[in-house]
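One letter stands for each residue in the lines below.
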Amino acid sequence: MALCSEIQCARDAAIHAIQACVPQVALLPVGVERITGSLRGHVGALFVHAQEREHFANGFVYDVELTDAEGRVQERWERLHLRAISGTRLQRSMARRGC
């Protein structure tokens, strides 16, 4: 029995990729305002493109695109809310760098 479906595992991996953008804190996904597209039936590699939209004292908001090898958007997440749950105090200069 699989621990997660392929779609769930792909989404989890995308969130872990965003975590690398702010290694000084642990992030917990707490919500997303909108998901468009679908990973159903997708076979092959996916690439994560994330853009930080907001930064708060205790978290972040990102827009995320999961694209295929040709750059076609398979799934888009608008306003993924991530809460900082541990780590050092967030510093705006570190959080604002590109990832």
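In this text the structure is predicted, and so the values were computed from the model without any measurement.

Asker: I'd like to hear about the side chain of E75, residue by residue, with values.
Answerer: Tracing the backbone shows E75 in strand β4 (residues 73-87). At 2.9 Å, the side chain of E75 forms a polar contact with the side chain of W77. Aside from chain neighbours lying at most four places away, what touches E75 is R11, I35, T36, G37, S38, L39, V64, E65 and L66.

Asker: Quick one: what's the story with a nonpolar patch on the surface, residue by residue and with numbers?
Answerer: Taken together, the side chains of L28, V30 and I85 present a nonpolar region at the surface, about 260 Å² in accessible area. Within the secondary structure layout, L28 lies in strand β1 (residues 25-37).

Asker: Describe the nonpolar core, with residues and values.
Answerer: With 17 residues, the main nonpolar core has L27, Y62, V64, W77, L80 and L82 as its most contacted residues. If you list the elements that add at least two residues to this core, you get α1 (6-19), β1, β3 (59-67) and β4. The residues touching L82, leaving out its near neighbours within four places in the chain, are I15, I18, L27, L28, P29, N58, G59, F60 and Y62.

Here is what the cut-offs are and how they apply
Residues numbered from 1 in each chain as written. Predicted model: local features only at pLDDT ≥ 70, side-chain atom pairs only at ≥ 80, totals over all residues. Heavy atoms only, no water. Helix = DSSP H or I, 4+ residues; strand = E, 2+ residues; numbered from the N terminus. Polar contact = N/O pair within 3.5 Å; in protein donor to acceptor, adjacent residues only side chain to side chain. Contact = heavy atoms within 4.5 Å. Patch = residues over 30% accessible without salt bridge, like charges linked within 9 Å, V, L, I, M, F, W, Y side chains within 5 Å. Areas by Shrake-Rupley, 256 points an atom, 1.4 Å probe, with all protein chains shown as cover. Salt bridge = Lys/Arg side-chain N within 4 Å of Asp/Glu carboxyl O. Core = buried A, V, L, I, M, F, W, Y, C linked by side-chain atoms within 4.5 Å. Buried < 20%, exposed > 50% of the residue type's maximum accessible area, 1.4 Å probe, protein only.

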